[in-house]
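So you can see what is in the structure, the chains are spelled out below.
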Amino acid sequence: MKKQHIQYLCLTLLFLVGSICSNAQKVPRSLQKCFVVMNSLRQVRATIEHQYSDIFRSDIDTIIGYFDFQSPDTLLGVQYYFKWKNSESRFDGKTELNIHHWNQEAILQEEPNDYHLSNSPGVSDLILIKKLLPQITDSSWCSYSELPVSHQYGMDVIPIKIELKNRFLGLEYKAFRSPGTNGTYMLYLNPVNYLPVAIDYAPNSQQIDLTRFLSYEFDWPNKQEIWTKDIVPDNYRYMTDKEQSEYYEGRLQFKIGQRAPSFELSTLKGSSFVLDSALGQPILLEFWFPGCRGCVACIDIINDLFHQHKDSLQVLGIQFAEVFEKGVRQYIQEEKIDIPVLLQGAEVAKEYGVLSAPTFIFINREGHVVKAFGGCDEGKLRDGLRMVGL
């Protein structure tokens, strides 16, 4: 072998060894131990507390989560079952069953994706620590730093600062690229067993997004029952996700041809809006809430429609989530929503059969519902205009 080839191979090996060593040095030893412990988990029952507070709402939820990390599925690599508030959810590696006790429904997601399976605060956090963090350790845009042991959450913890350059941790167990956005997170480890104690998604913000892992159990009676027993009460409505969409659409369509139920809601200006007093001109109601993806996608379309028909059509947004009014006002300004907005519309949404957002309802001059549909669909909006004579 030629001398220059040998030199080239030696330099290559040195580079690879240097890269491996630098990555190993980049990840604090305590975090490496955490990854080893997390990777060794087979089945665990965890009591989890999730605290969230922003301009819209403030909640603290306690969740009981069961995890089986021996799942053979390739989508998530874990089966889970959890109970919180008025809901239960179980993913068996293929399908996800969601039970909603507040309306006595059980919905089977026949083909769930990463978005569906990462949308449960607390439960998804433990999976994220086990699944995502080890994958991004050798990324040039990810850095870790171990801080001195401190006393937090009622015990001594090892704080690990995680910084992502031009990225943030999001749904689907991914680090999303976002130029100009540097994600900073704090992971707290138990210094005895190196299991996660807490993860703080907003350490440098007025917002609170904190998950605490209050306890872990690795053995409990009748382990396998949690994955096999029937958890749907007999009197609950059981549907697949496709059947649910058809059912919701049917509830909306049932209103077509009927007189629109009257209601009274407050406006942002503090006055009252009464539907019956506004009849004589066609009305378009949009049921929405802050952060709804479809609602955001429709803002420009609805703004344009509002301005084009401002003399012949009343366009009203009904905010129907239980959120702080101050947050709604700020959101409307930031998202540049031009249409008049009515507040605290949850009961009105229920009266109209609305269960998803955005939902649009056209009411003619005589006060009858002529078109109702869910989702941001410009074609259907144009059809609605035509049906009210515009």
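Residues numbered from 1 in each chain as written. Predicted model: local features only at pLDDT ≥ 70, side-chain atom pairs only at ≥ 80, totals over all residues. Heavy atoms only, no water.

Draft legend 1. Examining the packing of helix 2 (residues 29-40) against helix 4 (residues 123-131) more closely. Viewed as axis vectors pointing N to C, helix 2 and helix 4 meet at an angle of 115°, and their least axial separation amounts to 9 Å. Taken together, the axis directions place helix 2 and helix 4 in an arrangement best described as roughly perpendicular. Considering only the axes of helix 2 and helix 4, their crossing is left-handed. On the side of helix 2, the interface is formed by Phe35, Met38 and Asn39, while helix 4 contributes Leu126, Ile129 and Lys130. A per-class count over the contact of helix 2 with helix 4 returns four nonpolar, one polar and one charged. (Axes fitted to C-alpha atoms, helices over the stretch in contact; angles between N-to-C directions. Helix = DSSP H or I, 4+ residues; strand = E, 2+ residues; numbered from the N terminus. Parallel < 35°, antiparallel > 145°, perpendicular 65-115°, else oblique. Left-handed = near helix turned anticlockwise from the far one by under 90°. Contact = heavy atoms within 4.5 Å. Nonpolar A, V, L, I, M, F, W, Y, C, P; charged D, E, K, R; others polar.)

Draft legend 2. Region of the structure containing helix 4. In terms of burial, helix 4 is largely enclosed, as eight of its nine residues are buried. Turning to helix 4, its buried residues number three or more, namely Val123, Ser124, Asp125, Leu126, Ile127, Leu128, Ile129 and Lys130. (Buried < 20%, exposed > 50% of the residue type's maximum accessible area, 1.4 Å probe, protein only.)

Draft legend 3. Structural view of the packing of aromatic side chains. In the structure shown here, the tally under the stated rule is 18 aromatic pairs. Judged by centre distance (6.5 Å) and plane angle (5°), the rings of Tyr216 and Phe218 are stacked. With a relative accessible area of 40%, Phe218 lands in the partly exposed category. Residues Phe289 and Phe320 carry aromatic rings whose centres are separated by 6.0 Å and whose planes lie at 80° to one another, so their mutual orientation is edge-to-face. With Phe289 in the loop between strand 18 (283-288) and helix 8 (293-308) and Phe320 in the loop between strand 19 (314-319) and helix 9 (325-335), this residue pair connects regions lying 31 residues apart in the sequence. According to the relative accessible area criterion, Phe320 is buried, its value standing at 15%. Note that Lys130 overlies the ring of Phe69, its terminal NZ or CZ placed 4.8 Å from the centroid. (Phe/Tyr/Trp six-rings, centres within 6.5 Å; stacked < 30°, edge-to-face > 60°. Lys NZ or Arg CZ within 6 Å of the ring centre and 35° of its normal.)

Draft legend 4. Quick peek at the pattern of salt bridges. Following the criterion strictly, the structure yields nine salt bridges and no others. A salt bridge links Arg57 to Asp59; its shortest N-O distance comes to 2.8 Å. On the basis of relative accessibility, which here comes to 23%, the residue Asp59 falls in the partly exposed class. We note a salt bridge from Glu378 to Arg382, for which the minimum N-O separation is 3.6 Å. (Salt bridge = Lys/Arg side-chain N within 4 Å of Asp/Glu carboxyl O.)

Draft legend 5. Main features of the state of the cysteines. Scanning the entire structure with this criterion turns up two disulfides. One disulfide in the model links Cys292 with Cys295; its S-S distance is 2.3 Å. Here Cys292 and Cys295 share a disulfide; its torsion about the S-S bond, 80°, makes the bridge right-handed. For Cys298, the disulfide goes to Cys376, at an S-S distance of 2.2 Å. One quick way to see it: the torsion about the S-S bond of Cys298 and Cys376 is about 90°, and its sign makes the bridge right-handed. (Disulfide = S-S within 2.5 Å.)

Draft legend 6. Layout of the side chain of Glu49. Relative to the elements of secondary structure, Glu49 occurs in strand 1 (residues 43-53). Assessed through its relative accessible area of 19%, Glu49 is described here as buried. In contact with Glu49, not counting residues within four places along its chain, are Ile60, Asp61, Thr62, Leu210, Thr211, Arg212 and Leu214.

Draft legend 7. Representation of the nonpolar core in the model. Judged by nonpolar contacts, the single largest core of 44 residues is most densely connected at Leu31, Phe67, Tyr80, Leu133, Tyr144 and Leu187. Per-element tally for this core: the top contributor is helix 4, with five residues. In this structure, Trp288, Ile299, Val341 and Phe362 belong to the second largest nonpolar core, which totals 28 residues. (Core = buried A, V, L, I, M, F, W, Y, C linked by side-chain atoms within 4.5 Å.)

Draft legend 8. Main features of helix 8. Spanning 16 residues, helix 8 covers 24 Å between terminal C-alpha atoms, matching the ideal 22 Å at 1.5 Å per step. A bend of about 45° at Ile299 is the largest found in helix 8. The set of residues buried in helix 8 consists of Cys295, Cys298, Ile299, Ile301, Ile302, Asn303, Leu305 and Phe306. Here the buried face of helix 8 lies against strand 18, strand 19, helix 9, strand 21 (359-363) and helix 11 (378-387). (Expected span 1.5 Å × (residues − 1). Bend = angle between axes of the 7 residues up to and from the residue.)

Draft legend 9. Inspection of the confidence of the model for the protein at higher detail. Predicted confidence across the protein gives a mean pLDDT of 88, with 94% of residues reaching 70 or more. This stretch, residues 1-25, has a pLDDT under 50; its non-local contacts, to residues over four places away or in other chains, come to four contacts. (pLDDT = per-residue confidence, 0-100.)

Draft legend 10. Expanded view of unusual backbone geometry. Look at the link from Ala357 to Pro358: it is a cis peptide, with omega at -5°. One can find Pro358 in the loop between helix 10 (346-351) and strand 21. The phi torsion at Gln104 lies on the positive side, around 55°, for a residue other than glycine. Following the sequence through the fold, Gln104 ends up in the loop between strand 5 (96-100) and strand 6 (105-109). Given the relative accessible area of 37%, Gln104 is considered partly exposed. Non-glycine residue Asn222 carries a positive phi angle of around 50°.

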